[in-house]
Amino acid sequence: MTPLIIQDEKGLYCPAGDFYVDPWRPVERAVITHAHGDHAYSGHQAYFCTRLSSPIIQQRLGKLERLKALEYGEPIEFGPVRVSLHPAGHILGSAQVRIESKDGVWVVSGDYKRTFDPSCNPFEVVPCDTLITETTFGLPIYKWQPGEKVAQDILAWWETNRLAGKACVLFCYALGKAQRILAELAKLTDRPVYLHGAIASLIPPYEAAGIRMLPTIPVSEMDKNHSYAGELILAPPSAFKSPWLRRFDPYETGFASGWMRVRGAKRRRGYDRGFVLSDHADWSELLQTIEETGAHRVYATHGNSDTLVRYLNERGLEASALKTQYEGEQEE
Amino acid sequence: MKAFTTLYEKLDMTTSTNAKVLAMVNYFATVPPQDAAWALYFLTGRRLKRLISSRMLREWALEMTGMPKWLYEDAYEAVGDTAETIALLLDGGRTTDEAETILLSEWMMQRILPLQNMTEREQYDAVTRWWKMLDMREMFTLNKLLTGALRVGVSQNLVVRAIAEIAEQPTAVIAHRLMGNWEPTEAFFIQLISPEAEVSDISRPYPFFLASPLEQPLETLGNPADWLVEWKWDGIRSQLIRRGQETHLWSRGEDLVTDRFPEISDHAALLPDGTVLDGEILAFQNEKPLPFAVLQRRIGRKKLTKSILEEAPVAFLAYDLLEFNHEDWREKPLEQRRRQMEQLVHQLGGPFRVSPAVQVQSWEQATVLREESRERNVEGFMLKRLDSTYQAGRKRGTWWKWKIDPYTVDAVLIYAQAGSGRRANLFTDYTFAVIHEGQLVPIAKAYSGLSDKEIQRLDNWIRRHTLDKYGPVRVVEPCHVFELAFEGIAQSSRHKAGLALRFPRILRWREDKTKDEADTLENLHQLLNNHIAIREGA
Ligand SMILES: [Zn+2]
Ligand SMILES: [Zn+2]
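None of the values given here were measured: they were computed from a predicted structure.

**Q** Please clarify how the overall build of chain A should be interpreted in this entry.
**A** Looking only at helices and strands, chain A has eight helices and 19 strands in total. In chain A, 61% of the contacts between residues at least 6 apart in sequence involve partners at least 24 apart. Element-wise, carbon and sulfur atoms account for 48% of the exposed surface of chain A, whose accessible area totals about 12,900 Å².

What follows is the structure, encoded as structure tokens:
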């Protein structure tokens, strides 16, 4: 039986349907799982993505002439194969790609998580024969708390600094993580949050999708001498240690990422506080997903794929690693 | 355990000394004295004998979870610490909250210390039961306590400051009360923070007065005649106490070393009662110091045989007198203390010597003389103001150590390249940078200084954290800090940094430091300027 997906130098390729999933070099037809930079590259001739992803992808890559936006579950035919997109629970509009031919069903998970996230559609289990799964956090040391619990910790940190007259600068990935934090916090408080420009520009697509978040104010709209004592500011990790931070003095820094789970990683980066919050699946979510899809063959991409592959092999599953260019949360 | 764990995390996470002191003050003010005593025990760097080995802990975790060993190893590789790996792996397995209210002191006295008298099976049952009672963070603390590896990122000075604040006592009083041997008991802590002077313990040493490295030009010190110049000995800084017809010899690390140096302790019986000397223990022969390595032979041995005593003869070079006739002399000027000390030591003889005053007429002359340091097996000069009192801890202003090299700098690893020969497959050639206006500026390449194990670990890390490749050069995530030693510093227009280091080498991997704690280019330029100033002065 010929495989439905193979990997070549441009990305994950479906020969039967002649299209790529999240290719990293320019191709003719690209199905894009979500708008993160390591999945949505520019230069393809035609794009296929979810309706919710489409505005974000075009905001990042510029207006795309040939883009087809699909509803979750809406099928589209590529020759003899039928393709549909299903919620991945990673960020707004993120999708798994289901590919069906007469030989069976393959699913490319894209980035996903099972932990609840009020800022996107929850992950949907898509039964399949072969699953290509991400493994950014493919080690049993990774275990996530509910986002709500992390939001409580963030709020407590904010409170403490508020009493001390200090600002809190929380670094987080600009697309997905920032909005998730704003949505989680909206359940606990109604205080406004200040935003770095890179995050502020990614708020409208979430608002348009009806996601309830805390009110936000771009820092760029404030006076140079505005006092941020007691305020919370969200900024992308690239702003850490930059002169842009001076205006918030005195302040403490925090970082929200799955990598904050390990002390060494926390200490190396030099933030005052680490909040363990990830938009990727942890170890048990990976295993749960593989089991629930019923896949009897698994390919692993991103990060610690070797560990998961060996673990699955020892449990009698056919599994191997795919070397892709995806970066997971690396860029954070 | 919860409160202590939170304190530990706070100290671990912040680099602000004020925040550290505040965290300790809050902790000590809210926990019962018996817990405060144990916390203090760990904060001042005291450690329990290792009760359980890391290997044992790992075996037990594997046995309890049924996890394959290779999977544990993969996890360990990403974490790099047994106590933490186990805590992360077992996280979420808490079945009872009965441990919520157990105090740190109860953990220590009723649970952890009694492990010593248990069989391995009983230990396994106890430890695996505790794991099910604790959350991840507390499990980490427990594992660290069990393996005797709890290291807290806080200096003795800060601990003293925090206690002094609670006790509303001067730091010097607290520092003194914390010296020497004490047991982590409720009574001890209450005594420590009490307003009344405690019953004196005859073995208790005074806090050592530590000199600061001289960074400014010598000329700023003023007239050389106001200063005592001594060689900086490369031995063991010690305090010799003769009280109540007993002798106690303390090292600066607050270890009692009386038995390690019987010829010194025995001869000290000739001192008048109520005398305390500050000095240096050296391997010493023919009125000359021997290299520190000779002294090390002596320290390393469990038993002191006759041949060891002969191979590594020692002397006590006295340089200060802290107590005389049972009277605290620390507030008297150095000149007076020294005169009395010289008299005592000359009468005493035996292995006792006076650390000689080096006569210099000018700083220029001192600079020239200092060049003899290496030949003399000394580390440079000590400069002490003749009117200085004997203070506690490291206080700047009156005591300076003017060391010969190496100079050191804390720098960040930015590039790596494969080595050659035996290490052709490993990344062993490193480029380091310091901070300049928020950017990293390369300052040196260094090849040697790490152990094989460290090289392996770093190599592994480099492979997984390469940001970019230029030919054979890997650009790595800038986060690891290394202490580099170098022999000299010179201006250089060829280098972006504007200076070049002579013979840079890696002294050690500063895993306790983050990138922002690395030195700045300004630090180096200042050093360069001083270097020039000193040379021009000579
Ligand atoms: Zn993503
Ligand atoms: Zn990704």
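**Q** Even after reading the chapter, I still don't get the sheet that holds strand E2 (residues 212-213) of chain B, so can you show me in this structure?
**A** Note on sheets: strands pair through backbone hydrogen bonds, and any given pair is parallel or antiparallel. Residue and element names in this part refer to chain B. One open sheet accounts for four strands, arranged E2-E13-E11-E3; its pairing is mixed. What marks the edges here is a single partner per strand, and that holds for E2 and strand E3 (227-233). As judged from the six bridges shared by E3 and strand E11 (residues 378-385), these two strands associate in the antiparallel manner. Along E11, the bridge assignment pairs Leu-228 with Lys-384. Of the strands in this sheet, E3, E11 and strand E13 (399-403) touch helix H16 (residues 334-348), which is tilted by about 60° from E3.

**Q** Mind showing me how you'd approach unusual backbone geometry here?
**A** Most peptide bonds take the trans configuration, and most residues that are not glycine carry a negative phi. Residues and elements named next belong to chain A. Cis geometry marks the peptide bond from Asp-249 to Pro-250, where omega comes out at 0°. The topology assignment puts Pro-250 in the loop between strand E15 (232-235) and strand E16 (251-256). Phi at Asp-18 takes a positive value of approximately 50°, unusual for a residue other than glycine.

**Q** How should I be thinking about the coordination of the zinc ion (ligand 1) in this particular structure?
**A** Tetrahedral coordination by four donors sets the ideal angle at the metal to 109.5 degrees; octahedral coordination by six donors sets it to 90 or 180 degrees. Residues and elements named next belong to chain A. Surrounding the zinc ion (ligand 1) are the protein donor atoms His-34 (NE2), His-36 (ND1), His-90 (NE2) and Asp-111 (OD), at 2.2 Å. Each of the four donor atoms bound to the zinc ion (ligand 1) contributes to angles spanning 89 to 169°, and the resulting shape is irregular. Taken as a pair, the zinc ion (ligand 1) and the zinc ion (ligand 2) lie 3.7 Å from each other and share Asp-111 as a ligand. Of this pair, His-34 sits in the loop between strand E4 (29-31) and strand E5 (46-50) while Asp-111 sits in the loop between strand E10 (104-108) and strand E11 (130-134); the two residues are 77 residues apart in sequence, bridging distant segments of the chain. Here His-34 and Asp-111 have matching classes, each one buried.

**Q** I'm lost on the packing of helix H2 (residues 17-30) of chain B against helix H3 (residues 33-43) of chain B in this one. Help?
**A** A packed helix pair is summarised by two numbers, namely the angle formed by the two axes and the spacing between the axes. All names here are of chain B. Taken N-terminus to C-terminus, the directions of H2 and H3 make an angle of 150°; their axes are 8 Å apart at the nearest point. Relative to H3, the element H2 is oriented roughly antiparallel. Regarding H2 and H3, the two cross each other, and that crossing is left-handed. Listed contacts from H3 to Met-24, Tyr-27 and Phe-28 of H2 are Asp-35, Ala-36, Ala-39, Leu-40 and Leu-43. Considering only residue class, the contact of H2 with H3 consists of seven nonpolar, no polar and one charged.

**Q** Help me understand the coordination of the zinc ion (ligand 2), please; the structure alone is not making it clear to me.
**A** Of the protein atoms, only His-39 of chain A (NE2), Asp-111 of chain A (OD) and His-302 of chain A (NE2) coordinate the zinc ion (ligand 2), at distances of 2.1 to 2.6 Å. When the donor residues of the zinc ion (ligand 2) are listed from N- to C-terminus, their spacing reads H-x71-D-x190-H.

**Q** When you look at the interface of chain A and chain B in this model, what are you seeing that I'm missing?
**A** Each partner contributes residues to the interface: chain A has 23 residues there, and chain B has 28 residues. The junction of chain A with chain B conceals about 2,300 Å² of combined surface from both sides, 55% of it contributed by carbon and sulfur atoms. It is Arg-263, Arg-267 and Arg-268 of chain A in chain A that bury the most area against chain B; as a group they hold 31% of the surface buried on that side. Across the contact surface, chain A and chain B share four salt bridges. For Lys-241 of chain A, the salt bridge goes to Asp-516 of chain B, with nearest N and O atoms at 2.2 Å.

Conventions we followed
- Residues numbered from 1 in each chain as written.
- Chains lettered and ligands numbered in written order.
- Predicted model: local features only at pLDDT ≥ 70, side-chain atom pairs only at ≥ 80, totals over all residues.
- Heavy atoms only, no water.
- Helix = DSSP H or I, 4+ residues; strand = E, 2+ residues; numbered from the N terminus.
- Contact = heavy atoms within 4.5 Å.
- Areas by Shrake-Rupley, 256 points an atom, 1.4 Å probe, with all protein chains shown as cover.
- Pairing = 2+ DSSP bridges.
- Axes fitted to C-alpha atoms, helices over the stretch in contact; angles between N-to-C directions.
- Donors = N, O, S within 2.8 Å, 3.2 Å for Na, K, Ca; no water.
- Tetrahedral: all angles 85-135°; square planar, octahedral: opposite > 155°, others 65-115°.
- Buried < 20%, exposed > 50% of the residue type's maximum accessible area, 1.4 Å probe, protein only.
- Parallel < 35°, antiparallel > 145°, perpendicular 65-115°, else oblique.
- Left-handed = near helix turned anticlockwise from the far one by under 90°.
- Nonpolar A, V, L, I, M, F, W, Y, C, P; charged D, E, K, R; others polar.
- Buried area = accessible area lost by both parts, 1.4 Å probe.
- Salt bridge = Lys/Arg side-chain N within 4 Å of Asp/Glu carboxyl O.

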